[in-house]
Amino acid sequence: MYNNQKSTAKTTSREVILSARNVEKRFGAVQALKEVNFDIHRGLVTTLFGENGAGKSTLMKILSGVIPQTAGDIVLEGKNVCFSSPSDAEALGITIIHQELSLAPNLNVRDNIFMGRELTKVSGSVDYSEEARQAELLMKELDEPIHPLTPVEDLRVGQQQIVEIARALSKKSRILIMDEPTSALSASEVETLFKVVRDLKSKGVSIVYISHHLEEALQITDHAVVLRDGVMTAYAPRCEIDLQWIVRHMVGESFDLGSPPEGYEQGDIALSIQHLCVSDDNVADRYVVDDLSLDVRAGEIVCIYGLMGAGRTELLECVAGRVRQSEGKILLQSQEVSHYNIAQRIERGLVLVPEDRQRDGLVATMTVGRNLSLASINAFTRKGLTSSSLEEGMVASAINKVHIKTDGGEAEIGSLSGGNQQKVVIGKMLATNPDVFMLDEPSRGIDIGAKAEVFKLLSEGAREGLAVVFTTSEVSECLSIPHRVVVMSKGRISAEFGPGVSKEEIMAASGESVAA
Amino acid sequence: MSHYNNGSQGKKGGIDIIKILLEGRAFFALIAIIIVFSILSPVYFSTGNFLTMSSHVAVFGLLGIGMLFVILTGGIDLSVGSTLALCGVFAGMLLEGVEIEALNLAFFPSVWVVVVLTCLLGGLVGSINGVLVAYFKVPAFVATLGMLYVARGAALLLTDGLTFNRLSGDPALGNTGFEWLGFNKLLGIPVGVLILFFVAIVCMLALSRTPFGRWIYSTGGNARAAELSGVPVNRVKLSVYIISGVCAALAGIVLASQLTSAGPTAGTTYELTAIAAVVIGGASLMGGRGSVRNTLLGAFVIGFLADGLVIIGVSAYWQMVFTGSVIVFAVMLNNIQYSAKNKSSKKLEKKQIDSKDKNSEATAA
C-alpha cells in the first residue's frame, strides 16, 4: 500500500500510519469514549495510559476491529477505514495481542503461528515443512530460538507472548496492539520482550502498548496517550513527559478518597490468619500464599497492596472458604474456622466480596433485589417459606444503606452501572451482618465517585466495629482509609506500613521497579 | 412472570404488545391450538376430549416439571424416559407379587406401598445422576445419557423384555386399586391430572417461596456467585436430579396405570418431549430462567397439538414434523426474548468485552 505524504506529525519526523479522529463509543446510554484524537507513527511505540475503566481496552478494541466505534474515523495511511471484524483489521496489518493469550496450548508453535491460515501444497494437504521453515525463520528474527515443534503448553508465558508476536508478524502486521503484555512476565522476560519491541521498531513496526506499570512503560514508549473516564486528557511525545505528568493526567484533580476513620477504640482481634499456605494448582511444590500471618482487629481497616500474581485473591478466597489451605490456621474471634464451608463462615460473620463481580458476584438472571437478598435468605424465611414483605423491607434498606441508584428491587441487574453493581455485591454481603468484611479489589472497574462512596461505606462499617480487609492494585487507595497497609509479594507479606507511608515505599516493597 | 425493565431505550406502546405476546407465548400458542382444532374438528372442543387429552398431558407434565428443576440449575436429565420405564416395571413387578424362594414366601405389597417404593427407586436413580454431576463433575449430558442406557437396560433385565399386564391385583391379597390412578376421576377430573396439578403446586411453592427455590435459580444463574453467597451449590444440584427422578417415577406409575400394563420399552424418547415442554415454556437451557406454570403450558401445547393432529386425522409422520417445528420455533423466540433483555447486560456482551473492560458501566455510575 502506498502512503500519501499527508503526515500531520509535528512532534516527530516519523510519518503517521494510523490516526484516531474524534472517535467516540457508546454502550447504550453510557459514553465509554469521547472525542479521542491521536496518531500512531511508523516504527514507534505509542502507550495508552489510564486507570481501570478509563477506556483503554475499548479504544484498543476499536482500533483492532473487535468492536465498531459509534462516531469518528479511523484513518490508516490517509484513508478512512472501517473494520467490521478483527480479520478486517488484520488484513490491513493491524493485530491485537490480548492480555489473555489466544494460543491453543495443545498445539505446537508452528501450528499456532499458522492457525487458521495453514499453508497448503498443490494437493490441498498442509505443507508442514514450509510452515516449520517459516516459523523457524520468524523465531530467529525475534531472537528467541524456540523449536517450531515445541508444544505451546511447554513454554513459559513470556515465550508464548513471543509466539503470539511471531504469529502477528507472519500476517505481515505493521501495527501491533499489545494489551498489558508484561502483567504476567518476570523481570527477565520483560527485558526480552522489550528487546523484541525495540527490534520490531527498527523494522518499522508500530506498537500500541497498554500497561499498568507506568515506569516500565516509560522505558520503551515514544508517545503517550492518557485517558480518563473515556476522555483523552493528554497526548505528548516521550521527551515532554515524566511519571508525575502521566499520573496527573490519569487521575485528574486529586479526588479525596477519605482518611482512616478515627475517634474510637479498635476492638479485639476479629480475624487471625496464622502461617497460612495455599498451594498452586498448576505448579507442584509452589505456594501462591506462603506462610502468611495477619491479624485484623474489629474496627480496623487493612489494605493489602500487591501486583498481579502476588497472591492477594488466593489469600482472600482461602479465608472465605472457597480454596482449602494446605497449612496454617484461620481464626475468627479466636475460633478455628478452617473446617467450615463458605455458608458456615458467612453465618459466623466472615464474608468476601469477590474481585470479579460478573463472574463471582452477581447472578445476572435475577433482579437487583434477589441478588441483594441471596446471601441472607434465612433472615426472611419463616416456617420454611420466604416472606416477600420481609424480603422487600430488607432489600429496600440494603438499597438505601449502600446508596444503589436503581428503579427498585425489581430492576434487572444488567440495568445498573458498574459502580452500582459493585454496591449490590457489597450490599448483599453486608446484609448478612458480618464481623469481618473482605473485599477483593472493590474499586476495580468503577469510577472515582463510586469508589469514594464505597470507601465511605467501609469507613462507616469500621466505625461500627467491622473488621475490613480490602485489596488494591492502586497505590493511591493505600493512602486513603486504611489504618494499615500490608504489601504482598510472591505470596508473602513483604512490608507493613501505617497511614503515613509514601507511594514510593509501597511500590518498592511490592517489587515494582521504581527505575526513573 | 417477572418484570423486565427493558434498559435504557424508551420503548413505546406498539413494542409492548410484542413483548406481552413474547412473554406469554406458551399461553397464546395453547389458545391458538385450541381454536384452530376446534374449527377443524367438531369433537375437539368438548369436556370429555379435554379430560382425555389432559390425562395424556399428565405424563409429560410430570416429566417436564422434574426436568424444569434440572434445567433451572443449568443441567439436563436425559434419563427420565428410561427411569419412567424402570419405575413402571418395578411397580408392575411388585403388584404381581414378589416371591422370596428361600423362605417359600410370596409378598404382595398394597398399592400405596408400591407407589412409595417406586418413587424411592426413581429418587435413587436421580441421586446417582446427581452425585455424578455435582460431586464427580461429569457433564450432565454425559452422566444422564449413561443413565438413559443403564436404566433402560435394567428395566429390560428386570422383565426379561416382557410386559407386566396383571396390574389390577387381587382383592384377596389386598393389592387392588392401581388402575384407579389411571382411570378414575375425582370431582370429574382424572386422577393422573390431579397428581400432576398437586405436584405442580408443590413445586411452584418450592421454587417461588422457599430458600431452596432461590438456591436453584441462583445456582443456574451463576453457580460461582451463588457459592460465594453461601448457597450449597452441590447439594442443590444433587437435589434437582433426585426430584427429576421422583417425577419420572410418578409419571411411570401414572402411565402404567393408564395402560394397565408396564413395559420395559415405555417412555422411549419421552425425555426429549419433557425437554421440549420446558423449552416451549420459555425456560433457558443455560439455567436460571423458567417457571412451573410455563412448563405446564408447554406440556399442554405439545399434548393438545399432538392429540389434535390425531383427531383431525393427520398422519403420525406429519405429527412429528409439526412437533419438531414448534420446538425449534419456541427456542427461537426464547433467544429473541433473552437477547433483547441482555442488550443492556451481560453474557453476550461479556464474550466480546472482557471482564476487565467495564469502563462502559463505570462512566455511568
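Quantities reported herein were computed from a predicted structural model and do not represent experimental measurements.

Q: Could you clarify how one ought to interpret the overall build of chain A in this entry?
A: When helices and strands are counted, chain A shows 17 helices and 22 strands. What you see for chain A is a C-alpha radius of gyration of 25 Å, in line with the 24 Å of a compact globule of 516 residues. Considered along the principal axes of its C-alpha atoms, chain A spans approximately 75 × 50 × 50 Å. Contacts in chain A between residues far apart in sequence, at least 24 positions, make up 70% of those at least 6 positions apart.

Q: I'm lost on the overall build of chain B in this one. Help?
A: Regarding its fold elements, chain B presents 16 helices and 4 strands. Every one of the 365 residues in chain B was classed for burial, and the buried ones make up 51%. Across chain B, the fraction of contacts at a sequence separation of at least 24, relative to all contacts at a separation of at least 6, is 77%.

Q: Would you take a moment to explain the confidence of the model for chain A for this structure?
A: Residues and elements named next belong to chain A. When the pLDDT values of chain A are averaged, the result is 84; 94% of them are 70 or greater. Of all secondary-structure elements in chain A, the lowest mean pLDDT belongs to helix H8 (residues 243–251), at 77, while strand E19 (residues 436–439) reaches the highest, 94. Predicted confidence is poor over residues 1–12, with pLDDT under 50, and the contacts of this stretch with residues over four places away or in other chains come to 18 contacts.

Q: Could you clarify how one ought to interpret the pairing of strand E11 (residues 269–279) of chain A in this entry?
A: Where a strand is regular, its side chains alternate between the two sheet faces. All names here are of chain A. Note that E11 and strand E12 (residues 287–297) share 7 bridges and pair antiparallel. Across the sheet, the residue bridging to Ser272 is Asp295, located in E12. Note that E11 and strand E14 (residues 327–332) share 5 bridges and pair antiparallel. Bridge pairing links Cys277 to Glu327 in E14.

Q: Is there a simple way to explain the nonpolar core in this structure?
A: As a rule of thumb, soluble globular proteins bury nonpolar side chains together. Ranked by size, the top nonpolar core spans 189 residues in total, and within it Leu62, Leu63 and Val301 of chain B carry the most contacts. Considering every element that reaches this core, the biggest residue donor is helix H11 (residues 233–259) of chain B, with 17 residues. With 65 residues, the next largest nonpolar core counts Ile74, Leu138, Ile177 and Leu200 of chain A among its residues.

Q: I tried to follow the pairing of strand E4 (residues 71–76) of chain A on my own but got confused; where do I start?
A: Residue and element names in this part refer to chain A. Alignment of strand E1 (residues 16–27) against E4, held across 5 bridges, turns out to be antiparallel. Within E4, the residue paired with Ser19 across the bridge is Val75. Here 3 bridges tie E4 to strand E5 (residues 79–81), and the two strands are oriented antiparallel to one another. When the bridges of E5 are listed, Ile74 appears paired with Val81.

Q: What is the right way to read the sheet that holds strand E16 (residues 350–353) of chain A from this model?
A: Paired through backbone hydrogen bonds, the strands of a sheet run either parallel or antiparallel to each other. Residue and element names in this part refer to chain A. Reading across the sheet, the 6 strands line up as E16-E19-E20-E13-E21-E22 and stay open at both edges, with mixed pairing between neighbours. Two strands bound the open sheet, and with one partner strand each, they are E16 and strand E22 (492–497). Taken over all neighbouring pairs, the strand axes of this sheet differ in orientation by 20° on average, direction set aside. Of the pairings in the sheet, the one linking strand E13 (residues 301–306) to strand E20 (residues 467–472) comprises 5 bridges and is parallel in character. The partner of Ile304 across the bridge, within E20, is Thr471.

Q: Honestly, helix H14 (residues 418–430) of chain A in this entry has me stumped. Any pointers?
A: Count 3.6 residues to each turn of an α-helix, and residues three or four apart come out pointing the same way. Compared with the 18 Å implied by 1.5 Å per residue over 13 residues, the 18 Å span of H14 of chain A between its first and last C-alpha is a close match. Burial analysis of H14 of chain A places 13 of its 13 residues in the buried class, the great majority of the element.

Q: Got a minute to help me understand the environment of Gln274 of chain A in this structure?
A: Residues and elements named next belong to chain A. Among the secondary structure elements, Gln274 is positioned in strand E11. Residues Gln274 and Ser293 lie 19 residues apart in sequence; the distance between their C-alpha atoms is 4.4 Å. When neighbours within four sequence positions are excluded, Gln274 is seen to be in contact with Ser293, Gly328, Lys329 and Leu331.

Q: Can you help me understand the packing of helix H8 (residues 191–209) of chain B against helix H9 (residues 211–221) of chain B in this one?
A: Residues and elements named next belong to chain B. Between H8 and H9, the least distance of the axes is 5 Å, while the angle of their chain directions is 75°. Here H8 is positioned roughly perpendicular relative to H9, judged by the angle of their axes. Where H8 abuts H9, its residues Ala206, Leu207, Ser208 and Arg209 lie against Phe212, Gly213 and Ile216. Among the residues making up the contact of H8 with H9, the classes are represented as 4 nonpolar, 2 polar and 1 charged.

Q: Please explain the sheet that holds E12 of chain A as it appears in this structure.
A: All names here are of chain A. Spatial strand order, E12-E11-E14-E15: 4 strands in an open sheet with antiparallel pairing. In this open sheet, the two edge strands, each paired with only one partner strand, are E12 and strand E15 (335–336). In this sheet, E15 lies alongside E14 in antiparallel orientation, the contact comprising 2 bridges. Considered in E15, the bridge of Leu332 is made with Gln335. With respect to the sheet, helix H9 (residues 312–320) is in contact with E11, E12 and E14, its orientation differing from that of E12 by roughly 65°.

Q: Would you take a moment to explain the environment of Leu194 of chain B for this structure?
A: All names here are of chain B. Within the secondary structure layout, Leu194 lies in helix H8. Between the alpha carbons of Leu194 and Ser55 there is a distance of 9.2 Å; along the sequence they are 139 residues apart. When near neighbours in sequence (up to four residues on either side) are disregarded, Leu194 contacts Leu186 and Ile189.

Q: Would you mind going over unusual backbone geometry with me for this structure?
A: Glycine aside, negative phi is the norm for most residues, and most peptide bonds take the trans geometry. All names here are of chain A. A positive phi angle, close to 55°, is found at Ser334, a residue other than glycine. Here Ser334 is to be found in the loop between E14 and E15. The phi dihedral of Lys383 is positive, around 50°, even though this residue is not glycine. Looking at the element boundaries, Lys383 is found in the loop between strand E17 (381–382) and strand E18 (385–386).

Q: Looking at this model, I keep getting lost on helix H17 (residues 503–510) of chain A. Mind explaining?
A: All names here are of chain A. If you check which residues of H17 are buried, you get Ile506, Met507 and Ala509. Along H17, the residues classed as buried sweep out an arc of 160° about the axis, all on the same side. Those residues of H17 that are buried lie in contact with E13, helix H16 (475–478), strand E21 (484–489) and E22.

Q: What is the right way to read the confidence of the model for chain B from this model?
A: Caution applies to low-pLDDT regions: their predicted coordinates should not be interpreted in detail. All names here are of chain B. Averaged over all residues, the pLDDT of chain B equals 82, while 84% of them reach at least 70. Averaged pLDDT values over the elements of chain B bottom out at 36 in helix H15 (residues 348–352) and peak at 94 in H11. Counted against residues more than four places away or in other chains, residues 1–13, with its pLDDT under 50, gives 19 contacts. In the predicted structure, residues 343–365 sits below a pLDDT of 50 and forms 66 contacts with residues beyond four places in sequence or in another chain.

Cut-offs and rules
Residues numbered from 1 in each chain as written. Chains lettered and ligands numbered in written order. Predicted model: local features only at pLDDT ≥ 70, side-chain atom pairs only at ≥ 80, totals over all residues. Helix = DSSP H or I, 4+ residues; strand = E, 2+ residues; numbered from the N terminus. Rg over C-alpha atoms; globule rule 2.2 N^0.38 Å. Contact = placed C-beta atoms within 7 Å. Buried ≥ 20, exposed ≤ 12 C-beta atoms within 10 Å, placed from the backbone. pLDDT = per-residue confidence, 0-100. Pairing = 2+ DSSP bridges. Core = buried A, V, L, I, M, F, W, Y, C linked by C-beta atoms within 7 Å. Axes fitted to C-alpha atoms, helices over the stretch in contact; angles between N-to-C directions. Expected span 1.5 Å × (residues − 1). Parallel < 35°, antiparallel > 145°, perpendicular 65-115°, else oblique. Nonpolar A, V, L, I, M, F, W, Y, C, P; charged D, E, K, R; others polar. Arc of directions from axis to C-beta.

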